[in-house]
Amino acid sequence: METRRLPARKDGRIILHFDHDCFYAAVFEARNPSLKSLPFAVQQKHIIATCNYEARRRGLHKLMLVRDAKRICPDVIIELGEDLTRFRDASKDLYNFIKAYSWDGKLERLGFDEIWMDVTSMVDYNMEFLNRNDLQHSFFVLSKEDPTLGFAYDASVLAGHSYPKALGPSGDGDGRLDELSLRHHLGSHLALHIRHQLEEQKGYTSTVGIATNKLLAKLVGNLNKPKAQTTLMPPLASSDLDSDSLGNALLFMDDHEIGKIPGIGFKLAQKLREFIVQHPVEYDFANGGAQEQVSVARVRQHPDIDFEKLEALLGGPGSPHGIGYKVWCLLHGVDDSEVSQDRPVPRQISIEDSYLRLDTMTKLLTELNTLAQSLIKRMRIDLLSTEDDFVEEKSTSEVDASEAVDRVVVGKRWLAHPRTLRLTTRPRLPLRVDGTRERTMKRISHSCPLPNFVFDLRASTEAVAEKLVRQTVLHMFRRLHPEKSGWDLSLVNLAVTNMAEAAGESKTANGRDISNMFKRQDEVLKDFRVTESPPELVSFSGELSEEEGSHVAAFGEGVPMFNDDNEDDDWNE
DNA sequence: CCGGGGTCGT
DNA sequence: ACGACCC
């Protein structure tokens, strides 16, 4: 029987997927609104990273060569976007703005411009407030603590677009709405409210998808963009009453090209295409992908495919276990993955640059120092508390003058200590005998423990960066490229990873913070108190030791030691 | 001719 | 350490 092959649907959640419209371009437009009505693009090296809709109207598109863009649209305005600082800052600002609406921190970023928010608890709560006899005059409560905080809305209608397209008033002939549709209405009105606030208060437009899981929310948003929202409406599965219909989830998924499904990337899509058409499929990166398009419906309905066949086809050495079942679920619009909890710090911080030619030690040293300094700066931005924790703690007692001088820097504490440093390069391969060069994007990397001196806030970023390059990065480079010369790098990346969150700092690390998670953001911050002395103050209080102590942060569990690791010779200089 | 980031799993 | 996936 056909139905046994279908993965089970669990559609109890309501999830919003936000996508900031042409984000890099929007960051420039926010500073200079006159760009909005002009064709405008952001360049990284030789490519157009993104462009605004005025430029797209004239035929420009993402990842196009700058040369082609200028030929098609000679009056295009271009800004450089290789330094991501301003984009990262804007991304964080918008993320925090949206986070303030969340009741439980179920908030997940994808790239700089996409955010999922699981709003199930807010929808559940507001469903209880509805007057079923007067849905038109509803009030959406945004705070459990303050029921007056919220907005008026008409719960009898959906906000924004729907899939499938609404044919008229929703509900049955008597105008009655089922509970599931009503939940989607609430999600759509919350999405509209947040989108409007984002635009009014931050000046950014967004595109939102509303559905019962991450996959569907992200995909359905694509139906109407930019500056719009789309809800995938129930019934998602076919019912007994309506057994000849697919349900809206399959109806929606079936038309997609398989490579467009999040989670099915280049490799998986190629394997699926070649199994379906039974011959090799050429892929042309310049001309929009696969020569042969294969729809979700074709894979899903193929007589020889079920999830076990998919596991055999897609699995193998190196591939994740259960990949066949996962893909089978995705093809049906089933995605039970959770929207992950908001994390106070990233898993990794990396800085990279690419080069036409990087083949001498002199040039390499310059580049490594630049990258290292950017990395140290990034660490101080992304891994230090924003609050002046130390001073705040002392505010009830006296803060003497000498402490006050250092409070800006010393008052901040590390939210996490990366334990690992990684150097990655992309070597340009040597010429082959016929004079051509094999083009490869392959990278090689080497990791080592991150020295503790990088956490010393008294030293300048330049000093820390130089020391890091001299004492650590250069050794890693020799390990990656033992040849004295002959190498030529097309890319260098420097990263810190393996974050050890500082004790008591994680918002999910202990019971106190779990309870705080259910309060609004401002209240969480207001209630926050530091109960321990910041570790970096330990070394600050005394003389610098000359001994070579625990020179590097330890691998494994636990917080790195901070006693007196620093010092070698030239450090005090 | 080839962006600068991220996440996770093996 | 690398390779898949995402923007």
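Residues numbered from 1 in each chain as written. Chains lettered and ligands numbered in written order. Predicted model: local features only at pLDDT ≥ 70, side-chain atom pairs only at ≥ 80, totals over all residues. Heavy atoms only, no water.

### A word on the overall build of chain A
Along its length, chain A carries 20 helices and 18 strands. Residues counted as buried form 47% of the 573 residues belonging to chain A. The contacts of chain A with a sequence gap of at least 6 include a subset with a gap of at least 24, amounting to 67%. For chain A, the accessible surface area stands at approximately 29300 Å², while carbon and sulfur atoms represent 53% of it. (Helix = DSSP H or I, 4+ residues; strand = E, 2+ residues; numbered from the N terminus. Buried < 20%, exposed > 50% of the residue type's maximum accessible area, 1.4 Å probe, protein only. Contact = heavy atoms within 4.5 Å. Areas by Shrake-Rupley, 256 points an atom, 1.4 Å probe, with all protein chains shown as cover.)

### Re the nonpolar core
Grouped together as the largest cluster of nonpolar side chains are 46 residues, with contacts concentrated most on Leu16, Phe18, Met117 and Leu190. With residues up to four places along the chain from it excluded, the contact list for Met117 reads Ile14, Ile15, Leu16, Phe18, Ile98, Tyr101, Ser102, Lys106, Leu107 and Ile194. Counting 41 residues, the second-largest nonpolar core is a separate cluster that includes Ile351, Leu375, Leu423 and Val464. (Core = buried A, V, L, I, M, F, W, Y, C linked by side-chain atoms within 4.5 Å.)

### So, the packing of helix 11 (residues 307-314) against helix 12 (residues 323-331)
Between helix 11 and helix 12, whose axes approach to 7 Å, the crossing angle comes to 125°. Considering their axes alone, helix 11 and helix 12 lie oblique with respect to each other. The element helix 11 and its partner helix 12 pack so that their crossing is right-handed. In this structure, helix 11 contributes Phe307, Leu310, Glu311 and Leu314 to the contact, and helix 12 contributes Ile323, Gly324, Tyr325, Val327, Trp328 and Leu331. In the contact of helix 11 with helix 12, the residues fall into eight nonpolar, one polar and one charged. (Axes fitted to C-alpha atoms, helices over the stretch in contact; angles between N-to-C directions. Parallel < 35°, antiparallel > 145°, perpendicular 65-115°, else oblique. Left-handed = near helix turned anticlockwise from the far one by under 90°. Nonpolar A, V, L, I, M, F, W, Y, C, P; charged D, E, K, R; others polar.)

### Things to note about the protein's contact with DNA strand C
Around DNA strand C, the surrounding shell holds 17 residues, and the nearest of these are Lys218, Lys267, Ser445, His446 and Ser447. With respect to DNA strand C, the backbone of Ile264 contributes an N or O atom lying 3.5 Å from a phosphate oxygen. A distance of 3.1 Å separates a phosphate oxygen of DNA strand C from a polar backbone atom of Lys267. Mapped by element, the contributors of at least two residues to the surface near DNA strand C are helix 9 (266-277) and strand 17 (444-449). In terms of residue class, the surface near DNA strand C is made up of seven nonpolar, five polar and five charged. (Near = heavy atom within 4 Å. Polar contact = N/O pair within 3.5 Å; in protein donor to acceptor, adjacent residues only side chain to side chain.)

### Details of the state of the cysteines
Inspection of every chain in the model, using the stated rule, returns zero disulfides. Left without a disulfide partner, Cys51 is nearest to the cysteine sulfur of Cys22, which lies 7.4 Å away. For Cys51, a relative accessible area of 0% corresponds to the buried category. (Disulfide = S-S within 2.5 Å.)

### Looking at the pairing of strand 12 (residues 229-232)
In summary, the side chains of a regular strand alternate between the two faces of the sheet. With burial as the criterion, each face of strand 12 is covered, one bearing Gln229 and Thr231 and the other bearing Thr230 and Leu232. Relative to strand 12, strand 10 (residues 161-163) is paired through three bridges, and the arrangement is parallel. Directly across from Tyr163, in strand 12, lies its bridge partner Leu232. Sheet analysis places strand 11 (residues 206-211) next to strand 12, joined by three bridges and oriented parallel. Opposite Gly209, over in strand 12, you have Thr230 as the bridge partner. Handedness of the β-α-β unit built from strand 11, helix 7 (residues 214-221) and strand 12 comes out left-handed. (Pairing = 2+ DSSP bridges. Right-handed = clockwise from strand over helix to strand, strands pointing away.)

### Thoughts on helix 7
Taken across its eight residues, helix 7 has eight buried, putting it largely inside the fold. Along helix 7, the positions that sit buried rather than exposed are Lys214, Leu215, Leu216, Ala217, Lys218, Leu219, Val220 and Gly221. Taking the backbone nitrogen of Leu215 as reference, a side-chain oxygen 3.1 Å away marks Asn213 as the first, capping residue of helix 7.

### What about unusual backbone geometry?
If a residue is not glycine, its phi is most likely negative; likewise, a peptide bond is most likely trans. Cis peptide bonds are those with omega within 30 degrees of zero, and the linkage from Tyr163 to Pro164 qualifies with -5°. Relative to the assigned elements, Pro164 resides in the loop between strand 10 and helix 6 (179-202). Cis geometry marks the peptide bond from Pro234 to Pro235, where omega comes out at 5°. Structurally, the position occupied by Pro235 is in the loop between strand 12 and helix 8 (248-254). For Lys45, which is not glycine, the phi torsion reads 55° and is therefore positive. Within the secondary structure, Lys45 is located in the loop between strand 2 (40-44) and strand 3 (47-51). According to the relative accessible area criterion, Lys45 is partly exposed, its value standing at 32%. The backbone phi angle of Asn498 is positive, close to 60°, even though this residue is not glycine.

### Comments concerning the environment of Ala26
Relative to the helices and strands, Ala26 is located in helix 1 (residues 23-31). Its relative accessible area of 13% is what places Ala26 among the buried residues. Each C-alpha atom of the pair Ala26 and Phe87 lies 9.4 Å from the other, and the pair is 61 residues apart in sequence. Ala26 has contacts with Asp21 and Tyr204, leaving out every residue within four places of it along the chain.

### As for the pattern of salt bridges
Inspection of every chain in the model, using the stated rule, returns 25 salt bridges. With a shortest N-O distance of 3.0 Å, Arg273 and Glu257 are connected by a salt bridge. Taken together, the positions of Arg273 in helix 9 and Glu257 in the loop between helix 8 and helix 9 put the pair 16 residues apart, joining distant regions of the chain. For Glu257, a relative accessible area of 9% puts it in the buried group. (Salt bridge = Lys/Arg side-chain N within 4 Å of Asp/Glu carboxyl O.)

### Remarks on the protein's contact with DNA strand B
Of all residues adjacent to DNA strand B, which total 26 residues, the nearest are Lys45, Arg347, Ser354, Leu356 and Arg439. Expressed as a percentage, the sugar and phosphate content of the atoms of DNA strand B within 4 Å of the protein is 79%. A distance of 3.0 Å separates a phosphate oxygen of DNA strand B from a polar atom in the backbone of Ser350. Measuring from a phosphate oxygen of DNA strand B, one finds a side-chain N or O atom of Arg378 at 2.8 Å. The element that contributes the greatest number of residues to the surface near DNA strand B is strand 15 (residues 349-354), accounting for six residues. Split into classes, the residues belonging to the surface near DNA strand B amount to eight nonpolar, eight polar and 10 charged.

### Observations concerning the pairing of strand 6 (residues 107-110)
When strand 6 meets strand 7 (residues 114-118), the two strands line up antiparallel, connected through four bridges. Looking at the pairing, Arg109 lines up with Ile115 of strand 7. Between strand 6 and strand 7, which follow one another and run antiparallel, lie three residues, and Gly111 among them has a positive phi close to 65°.

### A few points about a nonpolar patch on the surface
Taken together, the side chains of Phe266, Tyr283 and Phe285 define a hydrophobic patch exposed on the protein surface, amounting to about 340 Å² of accessible area. Relative to the assigned elements, Phe266 resides in helix 9. For Phe266, a relative accessible area of 38% gives the class partly exposed. (Patch = residues over 30% accessible without salt bridge, like charges linked within 9 Å, V, L, I, M, F, W, Y side chains within 5 Å.)

Nothing here speaks to function; it is geometry throughout.
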